[in-house]
Amino acid sequence: VTYAPPGHEITRQFHIETVADVANSRRQGMQIAMDMGFARADATKIAVVISELARNILIYAESGTVTVYGCADLRGTHITVIAEDSGPGIPEIERALTDGYSTSGGLGLGLPGARRLVDEFYIRSKENQGTTVTATKWLH
Ligand SMILES: Nc1ncnc2c1ncn2[C@@H]1O[C@H](COP(=O)(O)OP(=O)(O)OP(=O)(O)O)[C@@H](O)[C@H]1O
Ligand SMILES: [Mg+2]
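Read on for a plain summary of the structure. Please read all numbers here as calculations on a predicted model, not as lab measurements.

## Some thoughts on the overall build of the chain
- For the chain, the count of helices and strands is four helices and five strands.
- Helices and strands appear in the chain in the N-to-C order β-α-α-β-β-α-α-β-β.
- A globule of 140 residues ought to have a C-alpha radius of gyration of about 14 Å, and the chain, at 15 Å, matches this closely.
- Counting only C-alpha atoms and orienting by the principal axes, one finds that the chain spans roughly 45 × 25 × 25 Å.
- Here the chain holds 140 residues, and the buried ones make up 44% of them.
- Partitioning the intrachain contacts of the chain with sequence separation of at least 6 by distance along the chain shows that 61% fall at a separation of at least 24.
- Accessible surface, the chain: about 7,700 Å² in total, of which carbon and sulfur atoms supply 51%.
- The positive charge centre, built from 13 side chains, and the negative charge centre, built from 16, are 4 Å apart in the chain.

As structure tokens, then:
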């Protein structure tokens, strides 16, 4: 296992508008997590979060961006995933975070599942203005 040296930072941004973009962001996010020293199981969790958030961008907003920010410093090592779109927004955020709630006939597990896989999870959304989901996982 290789560990990023203290003070190491990495930022990668992925434009999401096709299923290939979703797969690419997932794969590269996983690689960034592995490079930062996350164990394969935790890097896989980060990859799942990236792919669920990117898939939501595709389905509900058509396009957007996923930014993967990795940082290793004296506070520790973490990865933050920021998924942003200018789509319709989420009118009822609490409901959207409930297992099984879907407006598209999906399983309704993407957001609540992603939340359980990370340490910090925020949604900021405004109707007709878009959605920003921020998820952070620390290396323990
Ligand atoms: N980026 C977004 N913009 C607008 N609405 C969203 C967005 N992401 C999620 N939502 C809303 O939140 C609901 C729950 O999202 P979640 O990802 O948990 O489930 P889902 O996409 O419906 O199904 P799946 O289990 O396949 O992900 C969606 O059905 C949709 O109404
Ligand atoms: Mg979803």
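## With respect to the layout of surface pockets
- A volume near 670 Å³ is recorded for the largest pocket.
- For the largest pocket, the lining is made up of 33 residues, of which Asn56, Tyr60, Ile90, Tyr101 and Leu111 are closest to its centre.
- Secondary structure elements with two or more residues in the lining of the largest pocket: helix H2 (40-61), strand E3 (76-85), helix H4 (110-117) and strand E5 (130-138).
- Looking at the lining of the largest pocket, the element that brings in the most residues is H2, giving nine residues.
- Classifying every residue of the lining of the largest pocket gives 19 nonpolar, 10 polar and four charged.

## Overview of the nonpolar core
- In terms of nonpolar packing, the biggest core is built from 33 residues, with Ile16, Val66, Ile79, Leu111 and Phe121 touching the most fellow members.
- Looking at this core, the elements that each hand over two or more residues are strand E1 (8-16), helix H1 (19-35), H2, strand E2 (64-73), E3, H4, strand E4 (120-126) and E5.
- It is H2 that provides the largest number of residues to this core, a total of nine residues.
- The contacts of Leu111, once residues within four sequence positions are left out, are Leu53, Asn56, Ile90, Ala96, Leu97, Phe121 and Ile123.

## Some thoughts on the packing of H2 against H4
- Orientation of H2 relative to H4, taken along the N-to-C sense of each, is 150 degrees, at an axis distance of 9 Å. One way to sum up the angle between H2 and H4 is to call them roughly antiparallel. Considering the relative orientation of H2 and H4, their crossing is left-handed. Touching Lys45, Val48, Val49, Glu52, Leu53 and Asn56 of H2 are Gly110, Leu111, Ala114 and Leu117, all from H4.
- Here the contact of H2 with H4 is composed, by residue class, of six nonpolar, two polar and two charged.

Reading guide: rules and limits
- Residues numbered from 1 in each chain as written.
- Chains lettered and ligands numbered in written order.
- Predicted model: local features only at pLDDT ≥ 70, side-chain atom pairs only at ≥ 80, totals over all residues.
- Heavy atoms only, no water.
- Helix = DSSP H or I, 4+ residues; strand = E, 2+ residues; numbered from the N terminus.
- Rg over C-alpha atoms; globule rule 2.2 N^0.38 Å.
- Buried < 20%, exposed > 50% of the residue type's maximum accessible area, 1.4 Å probe, protein only.
- Contact = heavy atoms within 4.5 Å.
- Areas by Shrake-Rupley, 256 points an atom, 1.4 Å probe, with all protein chains shown as cover.
- Lys, Arg positive; Asp, Glu negative; His and termini not counted.
- Charge placed at Lys NZ, Arg CZ, Asp CG, Glu CD.
- 1 Å grid on protein atoms, 1.4 Å probe; cavity = no way out; pocket = protein on both sides within 12 Å on 5 of 7 lines; lining within 4 Å.
- Points joined across faces, edges and corners; volume = space filled by probe spheres on them.
- Nonpolar A, V, L, I, M, F, W, Y, C, P; charged D, E, K, R; others polar.
- Core = buried A, V, L, I, M, F, W, Y, C linked by side-chain atoms within 4.5 Å.
- Axes fitted to C-alpha atoms, helices over the stretch in contact; angles between N-to-C directions.
- Parallel < 35°, antiparallel > 145°, perpendicular 65-115°, else oblique.
- Left-handed = near helix turned anticlockwise from the far one by under 90°.

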